[in-house]
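Report on the structure
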4 protein chains.
Amino acid sequence: MNEAVTHESVKHAMQPEDTPELRELYKGFADNNLIPLWTQLGDLMPVHPKSKAVPFVWKWSELLPLAERSGELVPVGRGGERRAIGLANPGLAPNAYISPTLWAAIQYLGPRETAPEHRHSQNAFRFVVEGEGVWTVVNGDPVRMSRGDLLLTPGWNFHGHHNDRDAPMAWIDGLDIPFSQQMDVGFFEFGSDRVTDYATPNFSRGERLWCHPGLRPLSQLRDTVSSPIGAYRWEYTDRALTEQLLLEDEGQPATVGQGHAAIRYVNPTTGGDVMPTIRCEFHRLREGVETPTRQDVGSNVFQVFHGRGAVVLGGKTHTLEKGDMFVVPSWIPFSFQAETQFDLFAFSDAPIMERLHFARTRIEGRD
Amino acid sequence: MNEAVTHESVKHAMQPEDTPELRELYKGFADNNLIPLWTQLGDLMPVHPKSKAVPFVWKWSELLPLAERSGELVPVGRGGERRAIGLANPGLAPNAYISPTLWAAIQYLGPRETAPEHRHSQNAFRFVVEGEGVWTVVNGDPVRMSRGDLLLTPGWNFHGHHNDRDAPMAWIDGLDIPFSQQMDVGFFEFGSDRVTDYATPNFSRGERLWCHPGLRPLSQLRDTVSSPIGAYRWEYTDRALTEQLLLEDEGQPATVGQGHAAIRYVNPTTGGDVMPTIRCEFHRLREGVETPTRQDVGSNVFQVFHGRGAVVLGGKTHTLEKGDMFVVPSWIPFSFQAETQFDLFAFSDAPIMERLHFARTRIEGRD
Amino acid sequence: MNEAVTHESVKHAMQPEDTPELRELYKGFADNNLIPLWTQLGDLMPVHPKSKAVPFVWKWSELLPLAERSGELVPVGRGGERRAIGLANPGLAPNAYISPTLWAAIQYLGPRETAPEHRHSQNAFRFVVEGEGVWTVVNGDPVRMSRGDLLLTPGWNFHGHHNDRDAPMAWIDGLDIPFSQQMDVGFFEFGSDRVTDYATPNFSRGERLWCHPGLRPLSQLRDTVSSPIGAYRWEYTDRALTEQLLLEDEGQPATVGQGHAAIRYVNPTTGGDVMPTIRCEFHRLREGVETPTRQDVGSNVFQVFHGRGAVVLGGKTHTLEKGDMFVVPSWIPFSFQAETQFDLFAFSDAPIMERLHFARTRIEGRD
Amino acid sequence: MNEAVTHESVKHAMQPEDTPELRELYKGFADNNLIPLWTQLGDLMPVHPKSKAVPFVWKWSELLPLAERSGELVPVGRGGERRAIGLANPGLAPNAYISPTLWAAIQYLGPRETAPEHRHSQNAFRFVVEGEGVWTVVNGDPVRMSRGDLLLTPGWNFHGHHNDRDAPMAWIDGLDIPFSQQMDVGFFEFGSDRVTDYATPNFSRGERLWCHPGLRPLSQLRDTVSSPIGAYRWEYTDRALTEQLLLEDEGQPATVGQGHAAIRYVNPTTGGDVMPTIRCEFHRLREGVETPTRQDVGSNVFQVFHGRGAVVLGGKTHTLEKGDMFVVPSWIPFSFQAETQFDLFAFSDAPIMERLHFARTRIEGRD
């Protein structure tokens, strides 16, 4: 093995001399829809992942006003379907992809508005950084959306939203649209122009069946591909994180690192990720905590839920406040610094990487 | 195929005539520790399971006074380890087995008493039909035991109990002792003569880490053979059953049968049974409900938690009250009749049957 | 923890004084089908597995003549079903169990005889130490039985045998009858009095579909509980073992220990054991090899296929020749000494132990 | 639900009027790296997969001469690494992708040449339509490459090739380069400039350990992500297909359709696909057979191994001969017509689709 050799140092080694014969050969390739490997190996097979996507931060103070202005200028309805504004990674222009696999958007629904029902193969979730008053109706089950809640609409479930209040509401959407589009896997079907049930219960039927810790309904013994829980309530998330930090105070192993509590949202039928392509987590750092630098194969997206702090992202420090979002492309180093208690919602494509056995993680100091 | 043929009708067909030569052959078998199949096939391979265990009911009104009297006469401590009185199936005498796989007992701890710590391969749980005041300390984690709670001590976890109050307490134990003893799988080790932690917290550390519906601690991503939840609280069980019946009232699919709510206690890391050999469930029948007759391969044990009703067990009706326990051996038909709202805790060896692919169930009217 | 404490040293600690009141209490237990734990804990929960089954060796030189004599005196046919003679562990009398889980027998079929068809929940295999000429017909598929072959009849498959030759044939059967009988899981059904197909092909249809290494028929993509391969041919087993020893000679990692080649027979749809309750393996030791002493939870049965050697079984050395069989009960230490090249067929209940998470193995020098 | 509605019919519904205010809003989006969903929903979420990749056929009669000419003009060695010429889907220009997930190439090695060793995350295989004389050395294990063989180099295994003969050899490579590149998962490392072992054994060590049907080395009990079999020999593939057609002649269920034999190459440790991202199969059609039209989510690539026939691909018929290759993008209908016995090697990204739960297949006449 020859570890010091890099593509850079050897890349011209196999390049033949430019002759008329070679040009003719290359023309033959082109005429027959062929491309030689030896001219582009370094791009096709880099030494480590080098994403076209770039690390990037979107400020909530910019996002929200633009969403509000959209509410004034753009109607919501059949065809466009959603008043959603995608966060477009500058490295992936002209696509509205936040990463090669993930799509993230801010969605906005004005007072009493309805976003019509449809379904698609793409897996989706919503996370609410602030506000309340909208219900998302998933396969006929009305699900309240409130601050701190994670709401799921796994692939091929009909869903629409309606705002039951006189105030607008904004939230973020996460989907696997870029993956689905590039891999050609998506189906789409329109549903009702209105949501099928305008009831506004505090708890969805899915929650009432499933949100009892360690208890499985005997009528629901078949494992499901995605979680049957439509809403992961902030109350539970907050309590779980609080308990982890209290246990840490008592000297018990509970956190992932000193001062770093975290939960993964899971499918209760399997204990695994909520959807086949998207992982959702929530992280809480105590004031003053700095996390070790980490690199993951696959892309991570974060939204600040509470507090102030910073992310060091590919070597550059970005200060962050409530609602700010950022993307960490594959293998880009990142770490956090918590100025106050610092709460972050996170999602990623880790289930794709793990199921296809491409996952790798490097954490500073643990090599 | 010849379905009408039974062992009874053909059992003498292959029996050779009794001759001196045959007797000599059979003596040769005996001298060499051999036994011919043809003389005992019907016993070894019956047409359907015919357990030596018999259906049987134990009345709480008999059990509890005997446990209380044991509290007066028998000390608890090292050697005997537990003041536990096993329910011995009359068909399996002289063993204290409630079924070929399962052991059930009433355990009793007087005021301020301690049952010393030990661990064993056998999987165990406790269920509390009434009372409070005892903490079971599982691998150093004190777990409160209160009415309606299911408490787990999976195989090879150290555990002891202590009563923190001035009143005695009784509960039931369930273990896989008969399976372990017959299959020769058990190891045992003594631990501390006292419990290692006399704290009396309301919630164990396991609960504080794990009992948040759909949320998994990021520090606990390795699946565990048995559930990491030490206590399944009555509050959650009751709420889950209540919601199922409310959903049924609303016309939603939630119950296992009309008027029959039920949950299975599960391991949150997998969604499967709490322990590899024992399934635990809780069933609630509305007043007046009669369940269809059911037969299972494997044995079921029930304890009435609340209400009055009856079980038809192998064709015979037994009326039941709070605390009464009964066993349903393999393939014995059984059904329930609820005189009032009727709550039953249930445990079984179904995980053994399913993992070894011997499970079969027949439900009246669903053939 | 107090490791030096044993049941022996503490067993009287909790035994109360014998008083009239205690006798009355114990009578109350007896009257109510109750047995106290404290009087029998050491038996119910030993420090390590202490099987009633004993280590035992059966000599082929005794087995075969008794089987032949049975062929003269006992007809084969409906009712007795098989001319099979069970190896009865002396510690498990009066049952014909070789271990608490396993049944082993020598079966004998005279010239042109037929053993009628039936099916049962119990999983079964046959292994042929010598001879040929019998076909076993499994769900209508005739499977040749020849020297060194392993033949499967997983649970609930119809099967019968017929001898196509003018010479008798003997082989061994292995089943999970003791497990099934004690756990009450067995169903049985008679089939045709004759086998359904008297064809005598060299290869069964199952082999023709499945016995192509690494290739799966596209028409058979559903995994099966038990192996779809009805016959594992000696030719392949011998070649696999030969290659392992050659690879060892070349300095490659291929054997399980120096001079010890071994294969496990597996279900090609999963890579796991051939049946849910029975593991089958074949071991080959080079001349002169001695294996380290081993203890397993669960029971192992061996038959010498070729060569001479010895087994040290619970501390006692037994010399062995072709056809000799022996049982190793749970946790009994055993090791091998090969006088010549020494080939052994092996089966065990390890899948039960592994699936229920009771498996433990201790190998001398690897603690 | 409103099934008749399509994106086409509704796509303008939500488009707001073009006003200065809207333009300003859109400029705000652009300035902040945001893109509204409502302007591009139909592209992001089509009604069914509409791949940019197009159905396409490459003729062996074109491929091979260009590969031979490359052998004359382009040296093989460090840097370019391989004399491989990628089949570039016209719809995916300028990338050398045969589909969004898969890469396919013809590779050529002149007499006595060596392609140096390296390793990468990308999974790779080679299939030999004709020729012999090259050995691929995978993690130090020399693997003969001969006509009809499938050779695996799963991710992160070092591998190089050398031609041991005086004649050149060509074969095809298949990799998941497009998936890896777009999803940013690839690592790459150079190895030895020469292969590490120039031995030319008939069978690799992996084959000698693993290619015994239904037999698993006891030294290899840990399941592996990819198959441990480095070479799937034509002899076995041919025999498996031949037997399926013979069984069909005998009236047995063995083929996937009348006159259509097929096998999947599998990992013997799991029974599943050979690698996490690539499925490999071989299909044989009897002369005259026409297959039903099929649509799959995900992309399929085929190479004709033997015989003459045609593929109807997206409605257009292409005649095919030995060596011809073609790609079927996601959801494009395709069917075969066999003029002679028609043998096809096939590979696809189906494991990706299945593991992420996007797989769908529609077969004409089976809706």
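Definitions and limits used
Residues numbered from 1 in each chain as written. Chains lettered and ligands numbered in written order. Predicted model: local features only at pLDDT ≥ 70, side-chain atom pairs only at ≥ 80, totals over all residues. Heavy atoms only, no water. Axes fitted to C-alpha atoms, helices over the stretch in contact; angles between N-to-C directions. Helix = DSSP H or I, 4+ residues; strand = E, 2+ residues; numbered from the N terminus. Parallel < 35°, antiparallel > 145°, perpendicular 65-115°, else oblique. Left-handed = near helix turned anticlockwise from the far one by under 90°. Contact = heavy atoms within 4.5 Å. Salt bridge = Lys/Arg side-chain N within 4 Å of Asp/Glu carboxyl O. Buried < 20%, exposed > 50% of the residue type's maximum accessible area, 1.4 Å probe, protein only. Least-squares fit on C-alpha atoms with pLDDT ≥ 70 in both. Expected span 1.5 Å × (residues − 1). Domains from an automatic or database assignment. Pairing = 2+ DSSP bridges. Buried area = accessible area lost by both parts, 1.4 Å probe. Polar contact = N/O pair within 3.5 Å; in protein donor to acceptor, adjacent residues only side chain to side chain. Nonpolar A, V, L, I, M, F, W, Y, C, P; charged D, E, K, R; others polar. UniProt positions renumbered as here; feature names shortened; annotations may be inferred. Phe/Tyr/Trp six-rings, centres within 6.5 Å; stacked < 30°, edge-to-face > 60°. Lys NZ or Arg CZ within 6 Å of the ring centre and 35° of its normal.

Some points on the packing of helix H4 (residues 60–73) of chain B against helix H2 (residues 20–31) of chain C
Packed helices, taken two at a time, are described by their axes: the angle between them and the distance between them. With their axes 10 Å apart at the nearest point, H4(B) and H2(C) run at an angle of 155 degrees to one another. Of the possible angle classes, the one that applies to H4(B) and H2(C) is roughly antiparallel. Here H4(B) and H2(C) pass one another in a crossing that is left-handed. Facing Leu66(B), Arg69(B), Ser70(B) and Leu73(B) of H4(B), the residues of H2(C) in contact are Glu21(C), Leu22(C), Leu25(C), Gly28(C) and Phe29(C).

Quick look at the pattern of salt bridges
Residues and elements named next belong to chain A. All chains considered together, the criterion is met by 113 salt bridges over all chains. Between Arg119 and Glu189 there is a salt bridge, with the nearest N and O atoms lying 3.4 Å from each other. Placement of the pair is Arg119 in strand S5 (residues 114–120) and Glu189 in strand S12 (residues 188–190), with a sequence separation of 70 residues. We note that Arg119, like Glu189, is buried. Connected through salt bridges with shared partners, the residues Arg78, Glu81 and Asp193 form a single ionic network.

Quick look at the relation of the copies chain D and chain A
Turning chain D through 180 degrees and shifting it by 0.0 Å along the axis lays it on chain A, with an RMSD of 0.0 Å. These values place the two chain copies in the arrangement generated by a two-fold rotation axis. When C-alpha distances to the rotation axis are compared across chain D, the minimum falls at Arg355(D), with a value of 3.2 Å. Most of the interface of chain D is mirrored in chain A, where 99% of its interface residues are also at the interface.

Section: helix H7 (residues 234–249) of chain C
Residues and elements named next belong to chain C. Its 16 residues give H7 an end-to-end C-alpha distance of 23 Å, which sits within 8% of 22 Å, the value for a rise of 1.5 Å per residue. For H7, every residue scored as buried is listed here: Trp234, Tyr236, Thr237, Ala240, Leu241, Glu243, Gln244, Leu245, Leu247 and Glu248. One or two steps after H7, the chain reaches Gly251, where phi turns positive at roughly 85 degrees.

Structural notes on the relation of the copies chain C and chain D
Here chain C sits on chain D after a turn of 180 degrees about the axis and a move of 0.0 Å along it, with an RMSD of 0.0 Å. Most of the interface of chain C is mirrored in chain D: 100% of its interface residues are interface residues there too.

Topic: the domain arrangement of chain A
As assigned here, chain A comprises domain 1 (7–44), domain 2 (56–210) and domain 3 (232–363). Relative placement of domain 1 of chain A and domain 2 of chain A: their C-alpha centres are 46 Å apart.

Section: the sheet that holds strand S18 (residues 300–306) of chain B
Judged by pairing direction, the sheet is antiparallel, and its seven strands sit side by side in the order S13(A)-S15(B)-S16(B)-S23(B)-S18(B)-S21(B)-S2(B) without closing on themselves. For this open sheet the edge positions go to strand S13 (215–217) of chain A together with strand S2 (56–58) of chain B, each flanked by a neighbour on one side alone. Shown here is a sheet whose adjacent strand axes are inclined to one another by a mean of 25 degrees, direction ignored. Relative to strand S15 (residues 260–265) of chain B, S13(A) runs antiparallel, the two sharing three bridges. Within the sheet, the bridge partner assigned to Arg216(A) lies in S15(B) and is Arg264(B). The strands touched by helix H7 (residues 234–249) of chain B are S13 of chain A together with S15, strand S16 (279–285), S18 and strand S23 (342–348) of chain B; relative to S15(B), the strand with the most contacts, the crossing angle is about 140 degrees.

Some details on the pairing of strand S10 (residues 159–163) of chain A
Residue and element names in this part refer to chain A. Counting buried positions over the five residues of S10 gives five, a clear majority of the element. Neither face of S10 is open: one carries His159, His161 and Asn163, the other Gly160 and His162, and all of them are buried. Bridge count for S5 against S10 is three bridges, and the pairing is antiparallel. Across the sheet, the residue bridging to Ala115 is His161, located in S10.

Some thoughts on the interface of chain D and chain A
By a frequent convention, interface size equals the accessible area lost on bringing the separate parts together. With 103 residues of chain D in contact, the opposing surface of chain A contributes 102 residues. Here chain D meets chain A over a buried area of about 8,700 Å², counting both sides, of which 70% is carbon and sulfur. Our enumeration of links across chain D and chain A arrives at 21 residue pairs in polar contact (both at pLDDT 80 or more). Residue composition of the side of chain D that touches chain A, grouped by class: 57 nonpolar, 30 polar and 16 charged. Both strand S3 (residues 84–87) of chain A and strand S1 (residues 34–36) of chain D contribute to a ladder of three bridges, which runs antiparallel. Looking at S1(D), one finds that Ile85(A) is bridged to Pro36(D).

So, the sheet that holds strand S7 (residues 132–138) of chain B
Residue and element names in this part refer to chain B. As summarised here, the arrangement of the five strands in space is S8-S7-S10-S5-S12, forming an open sheet in which the pairing is antiparallel. For this open sheet the edge positions go to strand S8 (141–146) and strand S12 (188–190), each flanked by a neighbour on one side alone. Direction aside, the axes of adjacent strands within the sheet are offset by 25 degrees on average. Where S7 meets strand S10 (residues 159–163), five bridges bridge the pair, whose relative direction is antiparallel. The residue of S10 that forms the bridge with Val137 is Gly160.

Here's the deal with the UniProt feature "domain: Cupin type-2" (unreviewed entry) in chain A
Residue and element names in this part refer to chain A. Within the UniProt annotation, "domain: Cupin type-2" (unreviewed entry) is assigned to residues 107–173 and 291–341. Taken as a whole, residues 107–173 contains 0% helix and 61% strand, while its terminal C-alpha atoms sit 7 Å from one another. Split by type, residues 291–341 is 0% helix and 57% strand. Its first and last C-alpha atoms lie 13 Å apart.

What about the interface of chain C and chain D?
Residue-level contacts link 41 residues of chain C with 41 residues of chain D. Between chain C and chain D, a total of about 3,500 Å² is buried, with carbon and sulfur atoms accounting for 63% of that surface. It is Arg208(C), Pro213(C) and Leu218(C) that lose the most area in chain C upon contact with chain D, and together they represent 21% of the buried surface on that side. There are four salt bridges connecting chain C and chain D. With a closest N to O distance of 2.9 Å, Glu250(C) and Arg208(D) form a salt bridge. Across the contact surface, chain C and chain D share 16 residue pairs in polar contact (both at pLDDT 80 or more).

Thoughts on the packing of aromatic side chains
Throughout the structure, instances matching the rule amount to 90 aromatic pairs over all chains. For the pair Phe302(C) and Phe326(C), a centre-to-centre distance of 5.1 Å together with 20 degrees between the ring planes defines the contact as stacked. Here Phe302(C), found in strand S18 (residues 300–306), pairs with Phe326(C), found in strand S21 (residues 325–328); they are 24 residues apart in sequence, far enough to count as distant. Across the pair, Phe326(C) and Phe302(C) agree in class, each one buried. Consider the rings of Phe125(D) and Phe347(D), whose centres lie 4.7 Å apart with planes at 75 degrees: the pair is edge-to-face. With Phe125(D) in strand S6 (residues 124–127) and Phe347(D) in strand S23 (residues 342–348), the pair connects residues that are 222 residues apart, well separated along the chain. Aromatic ring contacts, followed pair by pair, group Phe125(A), Phe127(A), Tyr232(A), Trp234(A), Tyr265(A), Phe282(A), Phe305(A), Phe345(A) and Phe347(A) into a single cluster. For Arg144(B), the ring lying beneath its charged end belongs to Phe203(B), and the centroid distance is 5.4 Å.

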